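What follows is the residue order along each chain.
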Amino acid sequence: MSDTVHLQAPLPTGSVGKLANGWFGMIALVATEGALFAYLLFSYFYFDVQYGRSWLPDPLPAFRLSGPNTAILVVSSLTMVWAERAARRGANGRAALGIALSFVLGLVFVGIQLMEWKDKTFNYASSSYGSLYFLITGFHMAHVVAGLLVLAALLAWTLLGYFDARRHAPVSIGALYWHFVDVVWLCVFFSLYVTPHLR
Amino acid sequence: MAVTGYERVLHVEEQGYSTEHARRLEEMWESKPGLRGFLSSVDHKEIGIRYLVTAFGFLIVGGVEALIMRVQLARPNQALLTPEQYDQLFSMHGITMIFLYALPVLSGFSNYLFPLVLGARDMAFPRLNAYSYWIYLASGIFMYASLVMGLAPNDGWFSYVPYALKAYNPGPNLDFYALGMVFYGISTTVGSVNFVVTFLRMRAPGMSINRVPILTWGTLTASVGNLFAVPSVSLAFLMMWTDRQFGTHFFTQDSGGQPLLWQHLFWMFAHPWVYVVVLPAMGLVSDALPFFCRRPLVGYTVVVLATVTTMVLGFGVWLHHMFATGLPFIALSFFSAASFVITIPSAVAVFAWIATIWTGRPVITTAFLFFAGFIAMFVVGGVSGVMTAAVPVDRQLTDTYFVVAHIHYVLIGINLFAVMGALYVWLPKMTGRLLSERLGRWNFWTVLIGFNLGFFPMHILGLMGMPRRVYTYEADLGWGTLNLVTSAGSFLLAIGILLLLVNIAMSLSNGVPAGDNPWDAPTLEWATPSPPPPYNFPVVPMVASRHPLWEERLGETEAGHSELLRGPLLADGKEALATSGLDAQPEAILKMPEDSYAPFVVTLAMSVGFTGLLLHEWWVAGAGGLGVLAGALVWLWPEASLGQKAEREA
């Protein structure tokens, strides 16, 4: 037989953490979703470069709501890191708590973002800036909502006792998605809220 | 199914295809008979064949559309079609061939062949695989529903704005296309995810990354390309739809819209797409041409590197579709240069194939003829591509029949010729019966002559100034003769394709049995019976070289000998082996899903959703969305039999 293949060691069976195909599938999904946001931000800067300051709304996007909201989303990622670590140790109670915290913080983010939308003096049909602002933040919002559904399922499965120290791949995979939603927000936030003040 | 432990040592044994063990595997892996099996099967071979059949169905429909147009254009001042009908036909022809035929036909081969050439029992995500097919079918039907109603897309496959906006195109034609493409993009994306993960995770132990068959490299590269390219077009079509329906201002001329942004987003997708629909075909040729040259491919490593390089560069040349839009000179120069550079990796592959033929002992089969024709047509299409890469030449040729000739030499030459050759090679594996070589010769020569007769004159028509997409022309322009030749050639090409279908039908009814390995080929799929059983391999093969079935005669045994019938059994339910990404060492025993209705049901719900969006029936769209969510929840619910749940004491 081929002397290059090692067959003696016991192999994990089934869906195991970062050996699960689902983990790789999620990385691929994150890559393609990341590309989607790259094209969205490309479009944003395409307009920005063509028109300059006159294209941006007056007043420029403010940090009053968006700043704290960004912090909330970052914290929800940290609680998810904590939840995933707990899941890896088989501490289902702490894992459920962490997931629940992330879920609630995500929900708060959605609420504040809705207020932010309501405060805008323009809408999606008033100009290309309005169209893009609502498209980009809307796409992000859709991803947050999808993430909340994922977190809800993970919370239910954790509470049902489906996971232990060896079987928790869905938690790791869901956490990766949630972190992605968070990182994308940082890119959106930097592009839509920070760069207008840098010119 | 009893729950197994968290880990176990692989049990290695010698087993064949007619043992008790194989019979048990067959029972585990086979789909149910009848409609239930049809709707729930996740077998990659079944799905692959469905992809091929459906793609050929679309090829025939798209071909008939082309023939109708060729009748209209055969003589000056014809009135077979109204301008509107002509617009719909050329738009649907492009959409059909580029989206509904060119990639899906290659996905068919890849789906069928990936697990077989990699020594696996199925794809990484069998249910996602079925889902990808169903979405492809549903989105194809969605887009074709428009033609049935006489409301088909009518601004060409790249649907430039502002023509495509509501003010100039008020009907639902473009909405079918816009939503249909977002829908179709889901199929391409999940299919691509599946190929990438299968390539990285499902290779037979020992099949390190420098030993995989090249066709998987082609599909891997195209799939990674898709992951980064498809979002661009899905986004662009979504923006077009909201511009049309909700008054947004992405592409409008007023309120700060930018019509040119449409072209950027479209071509940032569509240029990479050109490589997406040829690289897997080039991979099929790189693998199968050596079967008939009786030697390994010359320059495996450089061909792989050229494949990857082509895709990467393919993301940096989109602007050459926009040379005539008044962009700054510096941008034109840069993208013109990049377009010249991209010919280098393409040429590498061409020279590798020529060297393989030159230094081999070619056996002239029909498949070989198609591959040789493929190389020749690739060169013609490549040269006309180099010509249009030069900005001044492109300015002259843009929107003329020269461009039409170019795209057809590329798509028919590099895709269809490869596909037809590949059918002669691999159809016997799928059906167990050979195609007729005698009819095959007729098939090949009719296609080659018909194709060149039909498309070469278009170069000249383009140089004479005939614009593309005109529904007729005046007699005194002097385009009549060449158009007549073109029309005659296109009918000859159609007869050639008909001969292929006749050949397939005759082979299915009374073809010569193929046996396991009719071509004496070197790769793993030829070690299985034709057609292969549902489980593919009785044991997981262990691979020690690039050519497992040729390694003795090639002396490729430095790393030991490949073992095809002695290896890990993996028979505790549906199981597969996950191996590491680079050197393919065993890493985990995967539990594979049973057949499932979820992919079909989710596709149905999604079709309802998209139909709701099209009709502005928001509650229908919402119901479809809820259906998708519910289906996804059932699909993803952790199952003990898949090793996704913690184990309990009995």
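The structure displayed is predicted, hence computed values, not measured ones.

Rules behind the numbers
- Here the residue numbering is sequential within each chain, running from 1 through the sequence in written order.
- By the order in which they are written, chains take letters starting at A while ligands take numbers starting at 1.
- Where totals are concerned, whole chains, interfaces and linings use all residues; where local detail is concerned, this predicted model gives features only for residues with pLDDT of at least 70, and gives and counts side-chain atom pairs only at 80 or more.
- Secondary structure elements follow DSSP: runs of H or I no shorter than four residues count as helices, runs of E no shorter than two count as strands, and numbering proceeds from the N terminus.
- Restricting the calculation to C-alpha atoms gives the radius of gyration, and the globule rule supplies 2.2 Å times the number of residues raised to the power 0.38.
- Exposure criterion: with C-beta atoms placed from backbone coordinates, a residue whose C-beta has 20 or more other C-beta atoms within 10 Å is buried, one with 12 or fewer is exposed, and one in between is partly exposed.
- Once C-beta atoms have been placed from the backbone, residue pairs whose C-beta atoms lie within 7 Å are recorded as contacts.
- Domain extents, as shown, originate in an automatic or database domain assignment.
- Throughout this entry, Asp, Glu, Lys and Arg are counted as charged residues, while Ala, Val, Leu, Ile, Met, Phe, Trp, Tyr, Cys and Pro are counted as nonpolar. The remaining residues, Gly among them, count as polar.
- The nonpolar core is taken to be a set of buried Ala, Val, Leu, Ile, Met, Phe, Trp, Tyr and Cys residues joined by way of C-beta atoms within 7 Å.
- Take the number of residues in a helix, subtract one, and multiply by 1.5 Å to get its expected span.
- What pLDDT conveys is the predictor's confidence in a given residue, as a value from 0 to 100.
- UniProt positions are given in the numbering used here, feature names are shortened, and annotations may be inferred rather than shown by experiment.
- Angles shown run from 0 to 180 degrees and are taken between the N-to-C directions of axes, each axis being a line fitted to C-alpha atoms and, for helices, limited to the stretch in contact.
- Here roughly perpendicular refers to angles of 65 to 115 degrees, roughly parallel to angles under 35, roughly antiparallel to angles over 145, and oblique to all remaining angles.
- Note: crossing handedness is left-handed where the near helix turns anticlockwise from the far helix by less than a right angle, and right-handed where it turns clockwise.
- The pairing criterion is simple: DSSP has to find at least two bridges between the two strands.

A separate point is the overall build of chain B. The helix and strand tally for chain B stands at 20 helices and five strands. Relative to the compact-globule value of 26 Å for 650 residues, chain B shows a C-alpha radius of gyration of 25 Å, a close match. Expressed along its principal axes, the backbone C-alpha trace of chain B runs to roughly 80 × 65 × 50 Å. The buried share of chain B, reckoned over its 650 residues, is 57%. A separation threshold of at least 6 residues defines the contact pool for chain B, and within that pool the share at least 24 residues apart is 79%.

Let's shift gears to the overall build of chain A. Helix and strand content of chain A: five helices and one strand. Overall, chain A shows an N-to-C arrangement of helices and strands of β-α-α-α-α-α. Dimensions of chain A along its principal axes, counting C-alpha atoms only, are 70 × 45 × 25 Å. The buried share among the 199 residues of chain A stands at 44%. In chain A, once contacts between residues fewer than 6 apart in sequence are set aside, the share between residues at least 24 apart is 81%.

Moving on, we come to the domain arrangement of chain B. When the parts of a complex come together, some accessible area is lost, and that lost area is often taken as the interface size. Residues and elements named next belong to chain B. In terms of domains, chain B is made up of domain 1 (43-510) and domain 2 (598-642). Distance from the C-alpha centre of domain 1 to the C-alpha centre of domain 2: 30 Å. Taken residue by residue, the interface counts 12 residues in domain 1 and 11 residues in domain 2. Put simply, the parts of the chain that give the side of domain 1 that touches domain 2 at least two residues each are helix 5 (126-148) and helix 6 (173-201). At seven residues, helix 5 tops the list of elements feeding residues into the side of domain 1 that touches domain 2. Tallied by class, the residues present in the side of domain 1 that touches domain 2 amount to 10 nonpolar, no polar and two charged.

Moving on: the nonpolar core. Residue and element names in this part refer to chain B. Core analysis: the biggest nonpolar cluster contains 256 residues, and M240 and V285 have the highest contact counts within it. Domain assignment of the residues forming this core places at least three in each of domain 1 (43-510) and domain 2 (598-642). Residues contacting M240, with those up to four places away along its chain left out, are V161, A164, L174, A178, F251 and W262.

A word on helix 3 (residues 92-119) of chain A. A rise of 1.5 Å per residue sets the reference length of helix 3 of chain A, with its 28 residues, at 40 Å; its end C-alpha atoms lie 41 Å apart and thus fit the reference within 8%. Looking at the packing, one finds that the buried side of helix 3 of chain A touches helix 2 (63-89), helix 4 (128-159) and helix 5 (169-194) of chain A.

So, on to the confidence of the model for chain B. Interpretation of this model should avoid reading the predicted coordinates in detail wherever pLDDT is low. Of all residues in chain B, 99% have pLDDT values of 70 or greater, and the mean over the chain is 95. Two numbers describe this predicted complex: its pTM, 0.96, and its ipTM, 0.96.

To continue, consider the UniProt feature "domain: Heme-copper oxidase subunit III family profile" (unreviewed entry) in chain A. Mapped onto this numbering, the UniProt entry gives "domain: Heme-copper oxidase subunit III family profile" (unreviewed entry) at residues 24-197 of chain A. Its end C-alpha atoms 38 Å apart, residues 24-197 of chain A is made of 81% helix and 0% strand.

In this section: the UniProt feature "transmembrane region" (unreviewed entry) in chain A. As annotated in UniProt, the feature "transmembrane region" (unreviewed entry) corresponds to residues 23-47, 67-83, 95-112, 132-163 and 175-194 of chain A in the numbering used here. Counting secondary structure, residues 175-194 of chain A comes out at 100% helix and 0% strand; the distance between its end C-alpha atoms is 27 Å.

Moving on, we come to unusual backbone geometry. Residue and element names in this part refer to chain B. Going from V161 to P162, the amide bond is cis rather than trans, its omega being 0°. Its place among the elements puts P162 in the loop between helix 5 and helix 6. Here the amide bond leading from S530 into P531 is cis, since omega sits at -10°, within 30 degrees of zero. Secondary-structure assignment places P531 in the loop between helix 17 (480-510) and helix 18 (551-554). Even without being a glycine, N77 presents a positive backbone phi close to 55°. Relative to the helices and strands, N77 resides in the loop between helix 3 (44-74) and helix 4 (83-118). Of note, the phi angle at A584 is positive, near 55°, even though the residue is not glycine. Counting through the fold element by element, A584 comes out in the loop between strand 4 (575-579) and strand 5 (586-591). We classify A584 as buried; it has 28 C-beta atoms within 10 Å.

Further remarks concern the packing of helix 6 of chain B against helix 7 (residues 214-246) of chain B. Residue and element names in this part refer to chain B. Look at helix 6 against helix 7: their axes get within 8 Å of each other, and the N-to-C directions meet at 155°. On the basis of their axis angle, the class for helix 6 and helix 7 is roughly antiparallel. Both helix 6 and helix 7 take part in a crossing whose hand is left-handed. Tallied by class, the residues present in the contact of helix 6 with helix 7 amount to 17 nonpolar, nine polar and two charged.

Turning next to the interface of chain A and chain B. If you look at the interface, chain A gives 50 residues, while chain B gives 61 residues. Elements with a contribution of two residues or more to the side of chain A that touches chain B: strand 1 (11-12), helix 1 (21-51), helix 4 and helix 5 of chain A. Element by element, the count of residues in the side of chain A that touches chain B is highest for helix 1 of chain A, at 16 residues. Across the side of chain A that touches chain B, the residue classes tally to 30 nonpolar, 16 polar and four charged. Sheet topology places strand 1 of chain A next to strand 1 (residues 7-8) of chain B; two bridges connect them, and they run antiparallel. Each bridged residue has a counterpart across the sheet, and for A:P12 the counterpart in strand 1 of chain B is B:E7.

This next bit is on the pairing of strand 4 of chain B. In the case of a regular strand, side chains alternate between the two sheet surfaces. Residues and elements named next belong to chain B. Buried residues dominate strand 4, accounting for five of its five residues. Neither face of strand 4 is left uncovered, since the one carrying E575, L577 and T579 and the one carrying A576 and A578 both have all their residues buried. Summarising the sheet, strand 4 and strand 5 pair through five bridges and their orientation is antiparallel. In the strand pairing of strand 5, A578 is matched with A588.

Here the focus is the pairing of strand 5 of chain B. The element strand 5 of chain B is largely enclosed, with a buried count of five among its six residues. The antiparallel hairpin formed by strand 4 of chain B and strand 5 of chain B contains six residues in its connecting segment, where B:A584 sits at a positive phi of about 55°.

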